[in-house]
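Residue-level structure breakdown
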Amino acid sequence: MQGRYGNDKLNIFIWIVAGVLYFINVFVRNPILMIIVLLLGALAIFRALSTNITKRLYENNRFLGIYTAVTDFLKRQYMKIRDFKTHRYLTCPYCKAQLRLKKRTGVQHIHCPKCGKDFTKNILF
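Residues numbered from 1 in each chain as written. Predicted model: local features only at pLDDT ≥ 70, side-chain atom pairs only at ≥ 80, totals over all residues. Heavy atoms only, no water.

**Considerations on the overall build of the chain**
Helix and strand counts for the chain come out as three helices and four strands. Listing the helices and strands of the chain from first to last along the sequence gives α-α-α-β-β-β-β. Its C-alpha atoms give the chain a radius of gyration of 23 Å, clearly above 14 Å, the size a compact globule of 125 residues would have. Buried residues in the chain amount to 26% of all 125 residues. (Helix = DSSP H or I, 4+ residues; strand = E, 2+ residues; numbered from the N terminus. Rg over C-alpha atoms; globule rule 2.2 N^0.38 Å. Buried < 20%, exposed > 50% of the residue type's maximum accessible area, 1.4 Å probe, protein only.)

Below, the structure written as structure tokens:
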């Protein structure tokens, strides 16, 4: 494996997607789905054995950018659901930062710690 790229997060993701599709194909028995599974496996093997390391790093960095954006969004949604009884989440109208406020109804004067600007927001419930 010297001089080869090896595995990274994108390869692991490709293998997981191929495994899930293969498991679905066990019950569906669709030949097109099986071809997709085989192509994904071939792609993962090709990426792992590739000698073009700079291109594989570029692909992985692009994937990690999307992956972190999606996981951060899902974490924020989970926190909103978890803290629904005690806190409210608002976005700053100036810098679009997510702000976590204690649950109080009525007009609130809010100071954004990221951009330093003040604004008011009427919280109904």
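**Some remarks on helix 1 (residues 9-28)**
Helix length check: helix 1, at 20 residues, gives a terminal C-alpha distance of 28 Å against a target of 28 Å (1.5 Å per residue), a fit within 8%. Of all the residues in helix 1, the buried ones are Leu10, Asn11, Ile14, Ala18 and Asn25. In an axial view of helix 1, the angular spread of the buried residues amounts to 95°, which keeps them on one side of the axis. Residues of helix 1 that are exposed and angled more than 90 degrees away from the buried face: Ile16, Phe23 and Phe27. Those residues of helix 1 that are buried are in contact with helix 2 (31-49) and helix 3 (53-82). (Expected span 1.5 Å × (residues − 1). Arc of directions from axis to C-beta. Contact = heavy atoms within 4.5 Å.)

**Topic: the packing of aromatic side chains**
Scanning the model with the defined rule gives four aromatic pairs in all. On the numbers, 6.5 Å between centres and 70° between planes, the contact of Tyr94 with Phe119 is edge-to-face. Of this pair, Tyr94 sits in the loop between strand 1 (87-91) and strand 2 (98-102) while Phe119 sits in strand 4 (residues 118-123), and the two are 25 residues apart along the sequence. Taking relative accessible area as the criterion, Tyr94 reaches 47% and is therefore assigned partly exposed. One aromatic cluster in this structure is built from Phe13, Phe63 and Tyr67. Its end group placed over the ring of Phe84, Arg88 keeps NZ or CZ at 4.5 Å from the ring centre. Between the NZ or CZ atom of Lys117 and the centre of the ring of Tyr94, over which it lies, the distance is 5.0 Å. (Phe/Tyr/Trp six-rings, centres within 6.5 Å; stacked < 30°, edge-to-face > 60°. Lys NZ or Arg CZ within 6 Å of the ring centre and 35° of its normal.)

All we've got here are geometric facts, nothing functional implied.
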